[in-house]
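# Descriptive analysis of the structure
Chain by chain, the residues:
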Amino acid sequence: MSVTGLCQVCERAAATASCDRCGAVVCADHYDRDRGLCADCGAAGG
Ligand SMILES: [Zn+2]
Ligand SMILES: [Zn+2]
């Protein structure tokens, strides 16, 4: 999978993955690989 652009959570680091739930592109720091969710979705639960 190829992702381009900046992380939509911190808007500082390059995005490396996209959230399975909301589709946001996020950097490694803001992506939960186990769940496939961005930090926002992971924090929201579900
Ligand atoms: Zn980030
Ligand atoms: Zn998300």
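Residues numbered from 1 in each chain as written. Chains lettered and ligands numbered in written order. Predicted model: local features only at pLDDT ≥ 70, side-chain atom pairs only at ≥ 80, totals over all residues. Heavy atoms only, no water.

## Some thoughts on the overall build of the protein chain
Secondary structure summary: the protein chain contains one helix and four strands in total. Listed N to C, the secondary structure of the protein chain is β-β-β-β-α in terms of helices and strands. Each principal axis of the C-alpha atoms in the protein chain carries an extent, and together these give about 25 × 20 × 15 Å. Every one of the 46 residues in the protein chain was classed for burial, and the buried ones make up 33%. The contacts of the protein chain with a sequence gap of at least 6 include a subset with a gap of at least 24, amounting to 3%. As presented, the protein chain carries roughly 3100 Å² of accessible surface, and 43% of it is formed by carbon and sulfur atoms. The protein chain carries 4 positive and 6 negative side-chain charges, and their two centres are separated by 1 Å. (Helix = DSSP H or I, 4+ residues; strand = E, 2+ residues; numbered from the N terminus. Buried < 20%, exposed > 50% of the residue type's maximum accessible area, 1.4 Å probe, protein only. Contact = heavy atoms within 4.5 Å. Areas by Shrake-Rupley, 256 points an atom, 1.4 Å probe, with all protein chains shown as cover. Lys, Arg positive; Asp, Glu negative; His and termini not counted. Charge placed at Lys NZ, Arg CZ, Asp CG, Glu CD.)

## What to know about unusual backbone geometry
Despite not being glycine, Glu11 has its phi angle at roughly 55°, a positive value. For Glu11, the position within the fold is in the segment before strand E1 (17-18). The class of Glu11 is exposed, set by a relative accessible area of 59%.

## What about the coordination of the zinc ion (ligand 1)?
Here the zinc ion (ligand 1) is held by the protein donor atoms Cys7 (SG), Cys10 (SG), Cys27 (SG) and His30 (ND1), which lie 2.0 to 2.4 Å from it. With four donor atoms in place around the zinc ion (ligand 1) and angles of 98 to 118° between them, the coordination shape is tetrahedral. Of note, the donors binding the zinc ion (ligand 1) are all from one chain and are spaced C-x2-C-x16-C-x2-H. Note on Cys10: relative accessible area 23%, which makes it partly exposed. (Donors = N, O, S within 2.8 Å, 3.2 Å for Na, K, Ca; no water. Tetrahedral: all angles 85-135°; square planar, octahedral: opposite > 155°, others 65-115°.)

## Focus on the coordination of the zinc ion (ligand 2)
Every protein donor of the zinc ion (ligand 2) is accounted for by Cys19 (SG), Cys22 (SG), Cys38 (SG) and Cys41 (SG), and the metal-donor separations fall at 2.3 to 2.4 Å. Bound by four donor atoms, the zinc ion (ligand 2) shows angles of 106 to 114° at the metal and therefore tetrahedral coordination geometry. One chain supplies every donor for the zinc ion (ligand 2), spaced along it as C-x2-C-x15-C-x2-C. Taken together, the positions of Cys22 in the loop between E1 and strand E2 (25-26) and Cys38 in strand E4 (residues 37-38) put the pair 16 residues apart, joining distant regions of the chain.

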